Amino acid sequence: MQPFRPALKKPARQLRRYMTDAEQGLWTRIRRKQIRGVQFYRQKPLLNFIVDFYCSKAQLVIELDGGQHFEPEYLQKDVDRDKALEELGLRVLRFDNRQVLTEMESVLTVIDKVLEERLKNI
């Protein structure tokens with residue numbers, strides 16, 4: 001089990017209730033072990049963060065970024081966040097909301113390939 005701050009449990013529940021359109025769209029395609037038979041969790045607390053999607057078996061995090069993530073202050077926060085998660089041995093995939101909403105099959109193909117690679121090493 002990965003470490004997390006217990007205080008993040010309540011905000012994570014709130015985020016699950018109010019997912020973005022992109023998050024809802026991706027969730028419908030990855031939930032219930034639809035890709036390679038692995039379980040994903042949504043809005044999962046890890047360390048001091050709440051990640052959008054997490055697969056513990058493959059040690060994979062998927063983040064969906066809205067427009068604010070392209071502003072300089074958010075870019076640096078994302079770099080720091082990814083580095084902290086990668087130090088736990090996690091792989092972080094980032095997609096912007098537009099990609100998920102308009103190029104879903106391409107996004108799913110990337111996720112599938114990364115899962116295939118990560119699961120080979122287990």
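Undergrad: Is there a simple way to explain the confidence of the model for the protein chain in this structure?
TA: It should be kept in mind that the predicted coordinates are not to be read in detail where pLDDT is low. Chain-level statistics for the protein chain give a pLDDT mean of 92 and a share of 95% at 70 or above. Of all secondary-structure elements in the protein chain, the lowest mean pLDDT belongs to helix α3 (residues 72-86), at 88, while helix α2 (residues 21-30) reaches the highest, 98.

Undergrad: Whenever I open this one, the packing of aromatic side chains confuses me. Can you help?
TA: Any aromatic ring pair is given by two values, namely how distant the centres are and how the planes are angled relative to each other. In this structure the tally under the stated criterion is one aromatic pair. A centroid spacing of 6.0 Å and a plane angle of 15° characterise the contact between W27 and F53, whose relative ring orientation is stacked. With W27 in helix α2 and F53 in strand β2 (residues 49-55), the pair connects residues that are 26 residues apart, well separated along the chain. In terms of burial, W27 and F53 fall into one category: buried. Positioned above the aromatic ring of Y41, the side-chain terminus of K44 is 5.8 Å from the ring centre.

Undergrad: Can you walk me through the packing of α2 against helix α5 (residues 104-120) in this structure?
TA: Relative placement of two packed helices is described by the angle separating their axes and the distance separating the axes. It is the contact of α2 with α5, at a shortest axis distance of 11 Å, that shows an interaxial angle of 55°. In terms of axis orientation, α2 runs oblique to α5. For the element pair α2 and α5, the recorded crossing hand is right-handed. Side by side, α2 and α5 meet where G25, L26, R29 and I30 of the first sit next to M104, E105, V107, L108 and I111 of the second.

Undergrad: Teacher, can you tell me more about the sheet that holds strand β1 (residues 41-46) here?
TA: Ordered in space as β1-β2-β3-β4, the four strands form an open sheet in which the pairing is mixed. Unpaired on one side and paired on the other, β1 and β4 (91-96) mark the two borders of the sheet. Between one strand axis and the next, the sheet turns by 45° as a mean value, whatever way the strands run. Strand direction decides the pairing type here: strand β3 (residues 60-65) and β4, joined by six bridges, are parallel. Within β4, the position partnered with V61 by the bridge is V92. Against the sheet, helix α1 (residues 9-17) touches β1 and β2, its axis set at about 160° to β1. Docked against the sheet, α2 engages β1, β2 and β3, running at close to 30° with respect to β2.

The rules we used
- Residues numbered from 1 in each chain as written.
- Predicted model: local features only at pLDDT ≥ 70, side-chain atom pairs only at ≥ 80, totals over all residues.
- Heavy atoms only, no water.
- pLDDT = per-residue confidence, 0-100.
- Helix = DSSP H or I, 4+ residues; strand = E, 2+ residues; numbered from the N terminus.
- Phe/Tyr/Trp six-rings, centres within 6.5 Å; stacked < 30°, edge-to-face > 60°.
- Buried < 20%, exposed > 50% of the residue type's maximum accessible area, 1.4 Å probe, protein only.
- Lys NZ or Arg CZ within 6 Å of the ring centre and 35° of its normal.
- Axes fitted to C-alpha atoms, helices over the stretch in contact; angles between N-to-C directions.
- Parallel < 35°, antiparallel > 145°, perpendicular 65-115°, else oblique.
- Left-handed = near helix turned anticlockwise from the far one by under 90°.
- Contact = heavy atoms within 4.5 Å.
- Pairing = 2+ DSSP bridges.

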